[in-house]
Amino acid sequence: MLYKSFDTLLQKITPKQDEEFLLDRFFVPARPKFLIKPGVSEKVLYALTHNVLLDFYYNSRWEPEERHRRIMPFQIVIDEGALYLYGAKKSPNPNPRLFKLSKMHNVELLSSESFDLPENFRFHEEFEQGRFGAFQYDEWYEFKIEFYGEARAHVRDFVWADDQTIEEKTTLTFTSSQWIPIVHWVLSFGKNAKPIEPDWFVAEIENGKLKDEN
C-alpha cells in the first residue's frame, strides 16, 4: 500500500522521464523490524503462489502452549511493520485467521496437498477494515473519548473512523469493533485522553493506567 501510494504521488507530480531523479529526493527512515526465522518467508510465498498447504507450529499470545497448524494460505497482510499470513483450515469449518510470520516455526510445505482458492479469500472482504490495525473483533461499540493538551491537534489531523464526529472541545465519538488496539491507543496519550463511553472501556483504561504506574 505504501509503495502504491508513493508511485501514485510520483505520477502526479513529475513526468515519467524524471522519476529516477526524483526518487533520490524521498527517504523513509528505518523502523524496528520483526525477526522471522530463515526460510519461513520463502516457504510462505511459495505456498501462496502455488496454492499448497502449509504445516507449522505457532506461538499465539492468547494460548499458553504452541499449537500445530495446517492451513490454506490466502494472503499476506501487513500491519504496523509486521507480516501476517491470512489463511484457514481445509475443512467444512475453515475459520480463517491471521498468523504472524515471526511466530511461525518448523514450517513445511505440503506440495502434494493443493487447494482451490475460495471466492471470499480476501481479508478485507471478511472484516470491517477499521483504522486501528488488522485485528477485528465480533462486537461493535460506540466510543467517546475526550482529548486535552497537545493530543487535541494530533487527533484532529486524522480520520480515525468513517463515522467519527469531533466536538469543539475535541471529544471524539466513533464506532468500531477494534477495542484492544483502541485501549492501547488511548493509553498512549496518558493524561491527555479521558474515555467517556462505554463504561467497560472506561474501566479498561483505568486498569491499564494502574498497571503502568505499578
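Everything that follows concerns the structure shown earlier in this document.
Summary of the structure given here.

Rules used throughout
- Residues numbered from 1 in each chain as written.
- Predicted model: local features only at pLDDT ≥ 70, side-chain atom pairs only at ≥ 80, totals over all residues.
- Heavy atoms only, no water.
- Buried < 20%, exposed > 50% of the residue type's maximum accessible area, 1.4 Å probe, protein only.
- Helix = DSSP H or I, 4+ residues; strand = E, 2+ residues; numbered from the N terminus.
- Arc of directions from axis to C-beta.
- Contact = heavy atoms within 4.5 Å.
- Patch = residues over 30% accessible without salt bridge, like charges linked within 9 Å, V, L, I, M, F, W, Y side chains within 5 Å.
- Areas by Shrake-Rupley, 256 points an atom, 1.4 Å probe, with all protein chains shown as cover.
- Salt bridge = Lys/Arg side-chain N within 4 Å of Asp/Glu carboxyl O.
- Lys, Arg positive; Asp, Glu negative; His and termini not counted.
- Charge placed at Lys NZ, Arg CZ, Asp CG, Glu CD.
- Phe/Tyr/Trp six-rings, centres within 6.5 Å; stacked < 30°, edge-to-face > 60°.

Some details on helix α3 (residues 40–50)
Item 1. What α3 keeps buried is the set V40, V44, A47 and L48. The arc that holds the buried residues of α3, viewed along the axis, is 100 degrees, so those residues lie on one side. Among the exposed residues of α3, those pointing more than 90 degrees away from its buried face are E42 and T49.
Item 2. In the core, the buried residues of α3 are packed alongside β1 (52–58), β2 (67–79), β3 (82–88) and β5 (104–114).

Here's the deal with a negative patch on the surface
Item 1. Residues E142, D163, E197 and D199 make up a contiguous surface patch of negative charge.
Item 2. The topology assignment puts E197 in strand β9 (residues 193–197).
Item 3. The exposure class of E197 is partly exposed, given its relative accessible area of 33%.

Section: the packing of aromatic side chains
Item 1. Tallied over the full model, the rule gives 20 aromatic pairs.
Item 2. A centroid spacing of 5.3 Å and a plane angle of 75 degrees characterise the contact between F147 and F189, whose relative ring orientation is edge-to-face. With F147 in strand β6 (residues 141–147) and F189 in the loop between α6 (179–187) and β9, this residue pair connects regions lying 42 residues apart in the sequence. F189 matches F147 in its accessibility class, with the two residues each being buried.

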